[in-house]
Amino acid sequence: HSFPTRRSSDLCNSKAVAHITAQLEGVPESKLHVIYNGYPEGTEKCIASGDEPNTQHNRKQPLVIGIVANLRPIKRIEDLIEAVAQIHHSGGNIELRIVGGGDEAPYRQRVEKLGIAGRVKFLGSQPDPERHIQQFDIAVLCSETEGFSNSIIEYMRCGKPVVCTDTGGNPEIIDDGVNGYLVGVGDVAALAGRLEALIDDPDRRLAMGRLNKEQMAKHYSLESMLNQHIRLYHQIEPGMAEV
């Protein structure tokens, strides 16, 4: 997540990664520079999605909660399964879609035990996850730790409200209560509560999703990343030629 620049400076893609770099590599914080990754503009399918709020009141189909993450313990997908079970058993008309590769067996067993087999879809690894993200009403990432999450960026590109854990670089991307919600790692009750808050408030889902698309274009574009690199290079080599 970091690589050396000239004069022994390190470039990191989030403050969280910079903090870890300082601790593990013994690099002075004054030598660390943070430039967030830049991404292309959203695809047409994502540009077209997220424009109308979905409500429980005007449709029979379930509201879709989705996650893009590999099926690994560090991603704590079982927390999301538990939260979805709580919402379902309290009467919520929801469906969970899990996009990511890995051993599904333990997760399917948990789903069966909780009695929500008909409410959870395992979609496996997908070459184009945004094709599935566009169908999410709420996007989730409940990892134990993260650097700078590509999944959250993909959610934002598609204009989705985000609920994620308050860990790593996540709070640098998600402003709690503004463009999404942050919850404590492993706090299933808080995760369920934030999901229910968004389920019950389609206007807030829509507003958060629109804000995420705006922030994506403003802060995480390729142009923004390149301009920050150029400024940094000028600071390191004031006499370098204009790019």
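(A) Highlighting the overall build of the protein. A tally of regular secondary structure across the protein gives ten helices and nine strands. Burial status across the protein gives 48% buried among its 243 residues. Residue pairs in contact within the protein that sit at least 24 positions apart in sequence constitute 65% of those at least 6 positions apart. Put simply, the protein shows about 11800 Å² of open surface, and 49% of that area lies on carbon and sulfur atoms.

(B) Local environment of empty space enclosed by the protein. For the structure on display, the rule yields one cavity of 30 Å³ or more. Of the pockets and cavities examined, the largest cavity occupies roughly 40 Å³. Grouping the constituent residues of the lining of the largest cavity by class yields five nonpolar, three polar and two charged.

(C) Summary view of unusual backbone geometry. Within the chain, Arg76 stands out as a residue other than glycine whose phi angle is a positive 50°. By secondary structure assignment, the location of Arg76 is in the loop between β4 (63-68) and α3 (77-89).

(D) Quick look at the environment of Gln86. Locating Gln86 in the fold gives a position in helix α3. Taking the C-alpha atoms as reference, Gln86 lies 9.9 Å from Ile116; in sequence the two are 30 residues apart. Setting aside anything within four residues of it in sequence, one finds Gln86 in contact with Val188, Ala189 and Ala192.

(E) Structural context of the pattern of salt bridges. A full pass over the atoms with the stated rule returns nine salt bridges. A salt bridge links Arg76 to Asp79, with the nearest nitrogen and oxygen atoms 2.6 Å apart. As a salt-bridge pair, Glu95 and Arg97 come within 2.6 Å of each other at their nearest N and O atoms. This pair shows no difference in class: Glu95 is buried, exactly as Arg97 is. Several salt bridges share partner residues, and in doing so they unite Arg76, Asp79 and Glu144 into one network.

(F) Local environment of the packing of α3 against helix α4 (residues 105-113). Running from N to C, α3 and α4 cross one another at 20°; their axes reach a closest spacing of 10 Å. Viewed along their axes, α3 and α4 adopt a mutual orientation that is roughly parallel. α3 and α4 meet at a crossing whose hand is right-handed. Residues Ile77, Glu78, Ile81 and Glu82 of α3 form the contact with α4, whose participating residues are Tyr107, Arg110 and Val111. The residue makeup of the contact of α3 with α4, split by class, is four nonpolar, no polar and three charged.

(G) Structural context of the side chain of His132. Among the secondary structure elements, His132 is positioned in helix α5 (residues 130-133). Given the relative accessible area of 14%, His132 is considered buried. Here Gln126 takes part through its side chain, which lies 3.3 Å from a polar atom of the side chain of His132. Among the polar contacts made by the side chain of His132, one reaches the side chain of Arg131 at a distance of 3.4 Å. Discounting chain neighbours no more than four positions away, the residues touching His132 are Val99, Leu123 and Gln126.

(H) Fine view of the sheet that holds strand β9 (residues 180-183). Pairing is parallel across the open sheet formed by six strands, whose spatial order is β6-β5-β4-β7-β8-β9. Lying at the two open borders of the sheet, with one neighbouring strand each, are β6 (120-124) and β9. In this sheet, adjacent strand axes meet at a mean angle of 20° when their direction is disregarded. Pairing analysis gives six bridges linking β4 to strand β5 (residues 94-99), with the strands arranged parallel.

(I) How the structure looks around the confidence of the model for the protein. For the protein, the average pLDDT comes to 82, and 66% of its residues sit at 70 or higher. Residue range residues 1-8 is modelled with pLDDT below 50. Its contacts to residues more than four positions away, or to other chains, number 22 contacts. Counted against residues more than four places away or in other chains, residues 47-57, with its pLDDT under 50, gives 27 contacts.

(J) Representation of the pairing of β6 within the structure. Every second residue of β6 is oriented toward a common face, the buried set being Val120, Phe122 and Gly124 and the non-buried set Lys121 and Leu123. Across four bridges, β5 lies against β6 in parallel orientation. The residue of β6 that forms the bridge with Val99 is Gly124. The β-α-β motif built from β5, the intervening α4 and the parallel element β6 has right-handed crossover chirality.

(K) Quick peek at the nonpolar core. Grouped together as the largest cluster of nonpolar side chains are 53 residues, with contacts concentrated most on Ile65, Leu80 and Leu195. Ranked by residue count, the leading element in this core is α3, at seven residues.

The rules behind each value
- Residues numbered from 1 in each chain as written.
- Predicted model: local features only at pLDDT ≥ 70, side-chain atom pairs only at ≥ 80, totals over all residues.
- Heavy atoms only, no water.
- Helix = DSSP H or I, 4+ residues; strand = E, 2+ residues; numbered from the N terminus.
- Buried < 20%, exposed > 50% of the residue type's maximum accessible area, 1.4 Å probe, protein only.
- Contact = heavy atoms within 4.5 Å.
- Areas by Shrake-Rupley, 256 points an atom, 1.4 Å probe, with all protein chains shown as cover.
- 1 Å grid on protein atoms, 1.4 Å probe; cavity = no way out; pocket = protein on both sides within 12 Å on 5 of 7 lines; lining within 4 Å.
- Points joined across faces, edges and corners; volume = space filled by probe spheres on them.
- Nonpolar A, V, L, I, M, F, W, Y, C, P; charged D, E, K, R; others polar.
- Salt bridge = Lys/Arg side-chain N within 4 Å of Asp/Glu carboxyl O.
- Axes fitted to C-alpha atoms, helices over the stretch in contact; angles between N-to-C directions.
- Parallel < 35°, antiparallel > 145°, perpendicular 65-115°, else oblique.
- Left-handed = near helix turned anticlockwise from the far one by under 90°.
- Polar contact = N/O pair within 3.5 Å; in protein donor to acceptor, adjacent residues only side chain to side chain.
- Pairing = 2+ DSSP bridges.
- pLDDT = per-residue confidence, 0-100.
- Right-handed = clockwise from strand over helix to strand, strands pointing away.
- Core = buried A, V, L, I, M, F, W, Y, C linked by side-chain atoms within 4.5 Å.

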